[in-house]
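# Report on the structure
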Protein chains: 2
Amino acid sequence: MSHRRTFLKQIALGSAALVTSGFPNILFKKKKERLGVALVGLGYYSTDLLAPALQLTQHCYLAGIVTGSPEKAARWQKQYGLRDKNIYDYSNFDRIADNPDIDVVYVVLPPSMHREYTVRAANAGKHVWCEKPMALTVAECDDMIEACAVNRVKLAIGYRMQHEPNTRQIIDYRRNQTFGKVKLISVAAGYFDPRTDHWKQNRAMGGGAMFDMGVYPLNAARYVTGEEPIAVVAQEKTTRPEIYTRADETTLFQLEFPSGALANCATSLGMSMNYLYVTAERGWYKLEPFQSYSGIQGSASDGTLLNQKIPNQQARQMDDDARAILDDTPLLVPGEEGWLDIRVVEAIHLSAKEGRRVLMD
Amino acid sequence: MSHRRTFLKQIALGSAALVTSGFPNILFKKKKERLGVALVGLGYYSTDLLAPALQLTQHCYLAGIVTGSPEKAARWQKQYGLRDKNIYDYSNFDRIADNPDIDVVYVVLPPSMHREYTVRAANAGKHVWCEKPMALTVAECDDMIEACAVNRVKLAIGYRMQHEPNTRQIIDYRRNQTFGKVKLISVAAGYFDPRTDHWKQNRAMGGGAMFDMGVYPLNAARYVTGEEPIAVVAQEKTTRPEIYTRADETTLFQLEFPSGALANCATSLGMSMNYLYVTAERGWYKLEPFQSYSGIQGSASDGTLLNQKIPNQQARQMDDDARAILDDTPLLVPGEEGWLDIRVVEAIHLSAKEGRRVLMD
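Criteria and thresholds
Every chain begins its residue count from 1, and numbering advances along the sequence as written. Here the convention is simple: chains get letters from A, ligands get numbers from 1, in the order in which they are written. Whole-chain, interface and lining totals are the exception, using all residues; otherwise, since this is a predicted model, local features are given only for residues with pLDDT of at least 70 and side-chain atom pairs are given and counted only at 80 or more. Contact criterion: two residues are in contact if their C-beta atoms, reconstructed from the backbone, are within 7 Å. A run of DSSP states H or I qualifies as a helix once it reaches four residues; a run of E qualifies as a strand once it reaches two. Both are numbered from the N-terminal end. In the scheme used here, Gly and all other residues not listed as nonpolar or charged are polar, with Ala, Val, Leu, Ile, Met, Phe, Trp, Tyr, Cys and Pro taken as nonpolar and Asp, Glu, Lys and Arg as charged. Here the copies are matched by least squares. The fit uses the C-alpha atoms of residues with pLDDT of at least 70 in both. With C-beta atoms placed from the backbone, a residue counts as buried when 20 or more other C-beta atoms lie within 10 Å of its own, as exposed when 12 or fewer do, and as partly exposed for counts between those limits. Only when DSSP finds a minimum of two bridges between them are two strands counted as paired. Note on handedness: a crossover is taken as right-handed if, strands pointing away from the viewer, the path from the first strand over the helix to the second is clockwise. Lines fitted to C-alpha atoms define the axes here, with helix axes fitted over just the stretch in contact, and angles between the N-to-C directions of these axes take values from 0 to 180 degrees. In these notes the angle categories are as follows: under 35 degrees is roughly parallel, over 145 is roughly antiparallel, 65 to 115 is roughly perpendicular, and the rest is oblique. Left-handed describes a crossing whose near helix is turned anticlockwise from the far helix by less than a right angle; the clockwise case is right-handed. Comment: arc refers to directions from the helix axis out to C-beta atoms. pLDDT is a per-residue confidence score from the predictor, ranging from 0 to 100. Segment limits for the domains were obtained from an automatic or database-derived domain assignment.

This next bit is on the interface of chain A and chain B. Opposite the 25 residues of chain A that make contact, chain B presents 25 residues. Going through the elements one at a time, strand E7 (182-192), strand E8 (231-237), strand E9 (250-256), strand E10 (262-268) and strand E11 (270-280) of chain A are the ones with two or more residues in the side of chain A that touches chain B. The element contributing the most residues to the side of chain A that touches chain B is E11 of chain A, with five residues. Its residues assigned to classes, the side of chain A that touches chain B comprises 11 nonpolar, nine polar and five charged.

Okay, here's the thing in structure tokens:
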């Protein structure tokens, strides 16, 4: 599709930033080849992963930050040469609507704040990238999707694995039925978190193993099967009950899919584990690790080694999402994908709490 | 221990065959260096695995058979040069008591017949080796253990993996805490069974995935942790409901252990899978396959390759068990080990049926 046609299509669809920014901006936006990204929340993931990755992207760049810490603001501004006007705090954040430097707001806050900042960013006319887990409840996800739809901005969820080439390969195995139908998935993701009073130990803020790491096995079970679960059974356990009073340390969950495929999943903040095994009709394939910053690798029963390498997972994800915005094409992982996971997380929490199998509506 | 001392110890303990066979046999038995084994039930496992393996053993040999098929009797007698008097059918089987050629009766019948033939063999004064699953219920296992105790014969269960060196290695990892405490086990064993009306499709005969293959993951979870489960959750599923009307095609089960270790287990007669993955405090180790006639292999997070090879698993198992009888030392896998599994299988069946977590007594 030519730039001209893309442009017309954007007009026809009343696409996002164009509408909210008015005509002068249309001309400006049209010329943009890279999107300006503002990171909201400058914790570990922004600092150590996203900001460095943004230095490696082709289609976007770090344009601004939103932080409650003047000290962090000063440090980041110096390190990344950010313009004064692109530094926001949480009270003046909504003024970002008037800042043409910022095309995308990337929400990297604790999950309990995702809804609020996604809605505010959308209302400011900015595209939104939101980290996983998308939010705490399906109702919050609904609000986020609606706010982005109403404001005609795109909403991407930061499931970087779906952008990763070895992961794409196993998704293709299912699509092409390379090894026949998927029968069983065994998948686990966890790490040992020595912290005792971080928000990750508090479910009300989006902590606990299931919210924090469990969405990886869950999302994997969904992308490996290409199906939505019809029933869920889950068990929550802890070996540190004095710490895990407000969130799950370890959750096992089992998913049933319409085709009869099953998933045996585990997640934990108490142990390190990272593997995805797929048993299919005519073979198997696996990724181990399947979710790791430092690279994904695996193999398949036909002898294939799954070892495609990319320089940086977060850069790939952000470039894919930036490209989709620039070209106005569908996102690989839109808000709906987060919504579908949180729907299952709600069922998992319910199953663990009530000790019973939960049927999905 | 010298032969003399072993002999005295056997007398002191009133060991098995000695008591039932009377004095002339004592002298005979003492001189034995190899035990005569009679296979009961000449199906696939006896024909293709055990009989060939017995040709490779050092401490035992194929001495007799028990079969209801005169045709099979004739074929086996010819193939293995068996003496006429060592061929039994199910009606004259009890006369085996008077046959000094037979030291061990190996029960390789459908599991619903294990109790009867184990008790009859024990009452005939013979040591018993019994295939897995040990029996259908704990009550049957009780009868079997009691009959062997009363008759002072040994009872071994045919869990060959516990004799396999790579499996021994991972058991040692736990004993030595090489990688710290075991935290999570993910283990699956299954194959695709194309049959539709074999006893393996009938739980009343000991069929279904859980009885047939599920005892491997279950036994593995127990030997990997060295603990007994305190709670069980299980789900039974099928993608061939027209066939699996009387047994489970696929069962997922989750075990909780006193230390907090968890096991995520799967078994199936509908799909091929075979792996054992152990997450420990300070690393991981895995066997893949962990249960396969053709060899076990794996690796550990410290770079160790687990690839010890043995010529034949069944020969190793039978030699170990024969050695324990000849030396009157403890069996590696006594009846109690089968009992402990069947206790959990009962809980798994109950959990799947009632859709709830079952606490072990």
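There is more to say, and it comes next.
Once turned by 180 degrees and shifted 0.0 Å along the axis, chain A lies on chain B with an RMSD of 0.0 Å. When the rotation and shift are considered jointly, the pair of chain copies conforms to a two-fold rotation axis. Taking C-alpha positions as the reference, the residue of chain A nearest the rotation axis is Arg356 of chain A, at 3.0 Å. Counting the interface residues of chain A, we find that 100% of their copies in chain B are interface residues as well, pointing to one common contact surface.

Residues and elements named next belong to chain B. Burial of the side chains of strand E5 (residues 127-130) extends over both faces: His127 and Trp129 are buried on one face and Val128 and Cys130 on the other. Bridging between strand E4 (residues 104-107) and E5 involves four bridges; their strand directions are parallel. Residue Val104 lies in a different strand from E5, and its bridge partner there is His127. Of the crossover connections in this fold, the one passing from E4 over helix H6 (residues 114-123) to the parallel E5 is right-handed. Relative to strand E6 (residues 155-157), E5 runs parallel, the two sharing three bridges. Paired with Val128 across the strands is Leu155, a residue of E6.

Whether parallel or antiparallel, the strands of a sheet pair through hydrogen bonds between backbone atoms. All names here are of chain B. Read from one edge to the other, the open sheet built from six strands follows the order E3-E2-E1-E4-E5-E6, with strand pairing classed as parallel. For this open sheet the edge positions go to strand E3 (87-88) and E6, each flanked by a neighbour on one side alone. Pairing analysis gives four bridges linking strand E1 (residues 35-40) to E4, with the strands arranged parallel. Its bridge partner being in E4, Val37 is matched across the sheet by Val104.

Residue and element names in this part refer to chain A. Remark: helix H3 (residues 44-54) packs on helix H9 (residues 313-327), axes separated minimally by 8 Å, with the N-to-C direction vectors making an angle of 55 degrees. As far as their axial angle goes, H9 and H3 are oblique. In this structure, the crossing between H3 and H9 has a hand that is right-handed. Contact with H3, carried on its side by Leu49, Leu50, Ala53 and Leu54, involves Gln314, Ala315 and Met318 of H9 and no other residues of that element. Of the residues belonging to the contact of H3 with H9, the class tally is six nonpolar, one polar and no charged.

This part is about the sheet that holds strand E1 (residues 35-40) of chain A. Residues and elements named next belong to chain A. The parallel open sheet is built from six strands, whose spatial order is E3-E2-E1-E4-E5-E6. Each end of this open sheet is capped by a strand with a single partner; those strands are strand E3 (87-88) and strand E6 (155-157). Sheet topology note: the strand E2 (residues 60-66)/E3 ladder contains two bridges and is parallel. Bridge pairing links Val66 to Tyr88 in E3.

So, on to H3 of chain A. Residues and elements named next belong to chain A. Buried residues of H3: Ser46, Leu50, Ala51, Ala53 and Leu54, and no others. All buried residues of H3 lie within an arc of 155 degrees about the axis, which places them on one face of the element. Those residues of H3 that are exposed and angled more than 90 degrees off the buried face are Tyr44 and Asp48. Where H3 is buried, its residues touch E1, E2, helix H4 (70-80), strand E4 (104-107) and H9.

All names here are of chain A. The predicted model of chain A averages 93 in pLDDT, with 91% of residues at 70 or higher. Ignoring residues within four places in sequence, the model shows residues 1-27, a span with pLDDT below 50, making 31 contacts including any to other chains. Confidence estimates for the predicted assembly give a pTM of 0.88 and an ipTM of 0.84.

This part is about the environment of His114 of chain A. Residues and elements named next belong to chain A. Note on placement: His114 falls in helix H5 (residues 114-123). C-alpha of His114 to C-alpha of Glu236: the two residues are 122 residues apart in sequence and 25 Å apart in space. Excluding anything up to four places from it in sequence, His114 contacts Val107, Leu109, Cys130, Met134 and Ala135.

What follows concerns unusual backbone geometry. Leaving glycine aside, a negative phi is the common case for residues, and trans is the common case for peptide bonds. All names here are of chain A. With omega at 0 degrees, the peptide bond leading from Glu288 into Pro289 counts as cis. Looking at where Pro289 falls in the secondary structure, it is placed in the loop between strand E12 (283-287) and strand E13 (298-300). Despite not being glycine, Gln177 has its phi angle at roughly 55 degrees, a positive value. Its identity as a non-glycine residue notwithstanding, Asp328 has a phi of 50 degrees, on the positive side. By secondary structure assignment, the location of Asp328 is in the loop between H9 and helix H10 (335-354). Exposure remark for Asp328: the 17 C-beta atoms within 10 Å place this residue in the partly exposed category.

Residue and element names in this part refer to chain A. Under the domain assignment used here, chain A contains domain 1 (3-159 + 317-333) and domain 2 (161-310 + 341-359). Summarising the inter-unit geometry, the C-alpha centres of domain 1 and domain 2 are found 28 Å apart. If you look at the interface, domain 1 gives 17 residues, while domain 2 gives 16 residues. Contributing elements (two or more residues each) for the side of domain 1 that touches domain 2: helix H6 (138-150) and H9.

Once that is clear, we can look at the pairing of E9 of chain A. Residues and elements named next belong to chain A. In terms of burial, E9 is a largely internal element, seven of the seven residues being buried. Where burial is concerned, the two faces of E9 agree: the one with Thr250, Leu252, Gln254 and Glu256 and the one with Thr251, Phe253 and Leu255 are both buried. Sheet topology places E8 next to E9; seven bridges connect them, and they run antiparallel. Within E9, the position partnered with Lys237 by the bridge is Thr250. Taken together, the seven bridges between E9 and E10 define a ladder with antiparallel strand orientation. Looking at E10, one finds that Phe253 is bridged to Cys265.

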